[in-house]
Amino acid sequence: GRRRMLDILASQADRVYLEALKRHRGTVRGLNALYKQPSPNTAELDVWEQQLAVVSFEVAARRRELVEILREPMAGFYRELFGGGGLTLRMTCSLPVEDSVDACVDVLKASRPQALKQGFVMRGAHRDRVEVLLDGRSLESHASQGQTKGAYFAWKLAEGAALKYVTGSEPLWLVDDPFSEMDRQRSLALLEMFESRKQVILTTPRDA
């Protein structure tokens, strides 16, 4: 889900990224079909794995850039909501994209026996992990519902800042019932954040 959020944001701002994402999905489908064959052609596997390494390298590089762009404003918005707490994003890639495409190819070849056994691609941009950490610990296992929702809004507000930076225009905000699982103080802080945006449509079943 977090990968998907990054992909949607990147695709809104960069059509080249959207095309790379489509190529990645097509390559994964093609490789999956090969891995399911009883005796796939080795040369064909080499070609497809090379393609996967190239496009995974491209997709992961853009995602890592986005994580860096979102990290600081996301932490700032979370502090505004909760008055503290170190919120951060961390991305772990399943291929050594920090090295080179050739290094990614080597890892894919090394994992080929397992991929053939399982019948699907084991490594690639679709296996990258994006984590949200609160004070160095996983949000999923250590945060309350209110903290989790606060982190979500911090992420989305950071997305809005990123889109404004790229496009020069404030995005339109559609916000449905943002105050559930949040106390009055934090609900008011969140409301103030949205009041500073230009165009917001907000619905809530709660009173004033």
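One can find the structure itself at the top, above this paragraph.
Residues numbered from 1 in each chain as written. Predicted model: local features only at pLDDT ≥ 70, side-chain atom pairs only at ≥ 80, totals over all residues. Heavy atoms only, no water.

Colleague: Help me understand the side chain of Ser11 in this model?
Modeller: Note on placement: Ser11 falls in helix H1 (residues 2-13). Apart from the residues lying within four places of it in its own chain, the contact partners of Ser11 are Tyr17, Leu18 and Leu21. (Helix = DSSP H or I, 4+ residues; strand = E, 2+ residues; numbered from the N terminus. Contact = heavy atoms within 4.5 Å.)

Colleague: Hey, could you run me through the pairing of strand S4 (residues 173-176) in this one?
Modeller: Two faces belong to every sheet, and in a regular strand the side chains alternate between them. Residue alternation in S4 divides its side chains into a buried set, Trp173 and Val175, and an unburied set, Leu174 and Asp176. Here S4 pairs with strand S5 (residues 200-203) via 4 bridges, running parallel. For Val175, the partnering residue across the bridge sits in S5 and is Leu202. This β-α-β element, S4 to helix H8 (residues 184-195) to S5, shows right-handed connectivity. (Buried < 20%, exposed > 50% of the residue type's maximum accessible area, 1.4 Å probe, protein only. Pairing = 2+ DSSP bridges. Right-handed = clockwise from strand over helix to strand, strands pointing away.)

Colleague: Just checking my understanding: could you explain the packing of helix H3 (residues 42-82) against helix H4 (residues 101-110) for this structure?
Modeller: Between two packed helices, the angle of one axis relative to the other and the distance separating the axes together describe the packing. The contact between H3 and H4 brings their axes to 9 Å, and the two run at 130°. The orientation of H3 relative to H4 falls into the category oblique. Like other packed secondary-structure pairs, H3 and H4 cross with a definite hand, here right-handed. Across the interface between the two elements, Asp46, Glu49, Gln50, Leu52, Ala53, Val54 and Phe57 of H3 pack against Val101, Cys104, Val105, Leu108 and Lys109 of H4. (Axes fitted to C-alpha atoms, helices over the stretch in contact; angles between N-to-C directions. Parallel < 35°, antiparallel > 145°, perpendicular 65-115°, else oblique. Left-handed = near helix turned anticlockwise from the far one by under 90°.)

Colleague: I would appreciate a short explanation of the pattern of salt bridges in the present structure.
Modeller: Proximity of charged atoms lets side chains of opposite charge pair with each other. Applying the stated rule across the entire model yields 17 salt bridges. A salt bridge links Arg112 to Asp46, with the nearest nitrogen and oxygen atoms 2.6 Å apart. Here Asp46 lies in helix H3 and Arg112 lies in helix H5 (residues 112-118), a separation of 66 residues in the sequence. Owing to a relative accessible area of 29%, Asp46 belongs among the partly exposed residues under this scheme. Between Glu68 and Arg71 there is a salt bridge, with its nearest N and O atoms 2.4 Å apart. Of the two residues, Glu68 and Arg71 both sit in helix H3, 3 residues apart, roughly one turn of that helix. A cluster of three or more residues bridged by salt bridges with shared partners is formed by Arg2, Arg90, Arg129, Glu131 and Glu140. (Salt bridge = Lys/Arg side-chain N within 4 Å of Asp/Glu carboxyl O.)

Colleague: Explain the packing of aromatic side chains here, please?
Modeller: One pair of aromatic rings is described through two measures. These are the centre distance and the angle between the planes. Overall, the coordinates contain 4 aromatic pairs when judged by the stated rule. Between the aromatic rings of Phe153 and Phe194, the centroid separation amounts to 6.0 Å while the plane-to-plane angle is 85°, which identifies the pairing as edge-to-face. Residue Phe153 is found in helix H7 (residues 145-167), and its partner Phe194 is found in helix H8; the two are separated by 41 residues along the sequence. With respect to class, Phe153 is no different from Phe194; both count as buried. Arranged with centres 5.9 Å apart and planes meeting at 65°, the rings of Trp173 and Phe194 form a pair that is edge-to-face. With a gap of 21 residues between them, Trp173 in strand S4 and Phe194 in helix H8 connect regions that are remote in the sequence. Judged by its relative accessible area of 10%, Trp173 falls in the buried class. One aromatic cluster is present, formed by Tyr152, Phe153, Trp173 and Phe194 through successive ring pairs. (Phe/Tyr/Trp six-rings, centres within 6.5 Å; stacked < 30°, edge-to-face > 60°.)

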